[in-house]
Amino acid sequence: TLEAVVSTQSTGGPKYEYHWSDGTTKPIKCSAPKYIDELMTWVQDQLEDDNLFPDKVGVAFPKNFMTMCKNILKKLFRVYAHIYHLHFQIIIELDEERHLNTSLKHFVYFCNEFSLIERKQYAPLSDLIEKLLNKDNE
């Protein structure tokens, strides 16, 4: 039900609870929809910040560019963890699990290729990620 979705805390399974912070504020406990809304707004703000993502040729990226990218991707991964742990049954009912799995796999490959997320951050989905990535090695 919509009520159940709105009241759902932002978690990545029973061991992981995510509190929202944009890095300048104290982390707050909030519902998953609020967390995701805050996250997507914050990410959009980062992407539109010409100081972080210069849009002019010849303008250097800031020294904290990689740190900010890592932080963005770490927070985005939490959305995957939440979806898989709390909403995967709905994804299955919609027959969309292949799309979600493919999206996660591409996300992980990209992050791994450029060392953007520490392996420990994958913990909420580590078994699934291992299974998805090992399929490619068979």
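Below you will find a few notes about this structure. All residue numbers refer to position in the chain's written sequence, counted from 1. Given that the model is predicted, a residue must reach a pLDDT of at least 70 before its local features are reported, and side-chain atom pairs must reach 80 or more before they are shown or counted; all residues, however, enter totals for whole chains, interfaces and linings. No hydrogens and no water enter the side-chain calculation; it runs on all heavy atoms of the structure.

What follows is about the packing of aromatic side chains. Pairing of aromatic side chains here covers Phe, Tyr and the six-membered ring of Trp, requires ring centres within 6.5 Å, and sorts the geometry by plane angle: under 30 degrees stacked, over 60 edge-to-face, intermediate tilted. Under the counting rule described, the total for this entry stands at 10 aromatic pairs. Ring centres of Phe-53 and Phe-65 lie 5.2 Å apart, and the angle between their planes is 75 degrees; on these two criteria the pair is classed as edge-to-face. Pair noted here: Phe-53 is in the loop between helix 2 (32–48) and helix 3 (65–93) and Phe-65 is in helix 3, with a separation of 12 residues, a long-range link. One exposure class covers both Phe-53 and Phe-65, and it is buried. On the basis of an interplanar angle of 25 degrees and a centroid distance of 5.2 Å, the ring pair of Tyr-84 and Phe-88 is categorised as stacked. Placement of the pair is Tyr-84 and Phe-88 together in helix 3, with a separation of 4 residues, close to one helical turn. We call a residue buried when its accessible area falls under 20% of the maximum for its residue type, exposed when it is over 50%, and partly exposed in between, using a 1.4 Å probe and counting protein chains only. Classification of Phe-88 by relative accessible area gives partly exposed; the value is 23%. Throughout this description, the term charge over a ring refers to an Arg CZ or Lys NZ atom that lies within 6 Å of the ring centre and within 35 degrees of the ring normal. When the ring centre of Trp-20 is taken as origin, the NZ or CZ atom of Lys-75, which lies over that ring, is 4.9 Å away. Working definition: helices are DSSP H or I runs of at least four residues, strands are E runs of at least two. Numbering for both runs from the N terminus.

A word on the packing of helix 2 against helix 3. Angular values range over 0 to 180 degrees, each being the angle between N-to-C directions of two axes fitted as lines to C-alpha atoms, with helices fitted over their stretch in contact. Where helix 2 meets helix 3, the axes come as close as 11 Å, and the angle between the chain directions of the two elements is 150 degrees. Looking at the two axes, helix 2 sits roughly antiparallel to helix 3. Of the two possible hands of crossing, helix 2 and helix 3 adopt the one that is left-handed. Contact residues: helix 2 offers Ala-32, Tyr-35, Ile-36, Leu-39, Met-40, Trp-42, Val-43 and Gln-46, while helix 3 offers Met-68, Asn-71, Ile-72, Lys-75, Leu-76, Arg-78, Val-79 and His-82. Looking at side-chain class alone, the contact of helix 2 with helix 3 contains 11 nonpolar, 3 polar and 2 charged residues. In what follows, roughly perpendicular refers to angles from 65 to 115 degrees, roughly parallel to angles under 35, roughly antiparallel to angles over 145, and oblique to any angle outside these ranges. For a crossing to be left-handed, the near helix must be turned anticlockwise from the far one by less than a right angle; the clockwise case is right-handed. Throughout, a contact is declared for two residues whenever any of their heavy atoms are within 4.5 Å. Note that Gly is not counted as nonpolar here; it falls among the polar residues with everything else outside the nonpolar set of Ala, Val, Leu, Ile, Met, Phe, Trp, Tyr, Cys and Pro and the charged set of Asp, Glu, Lys and Arg.

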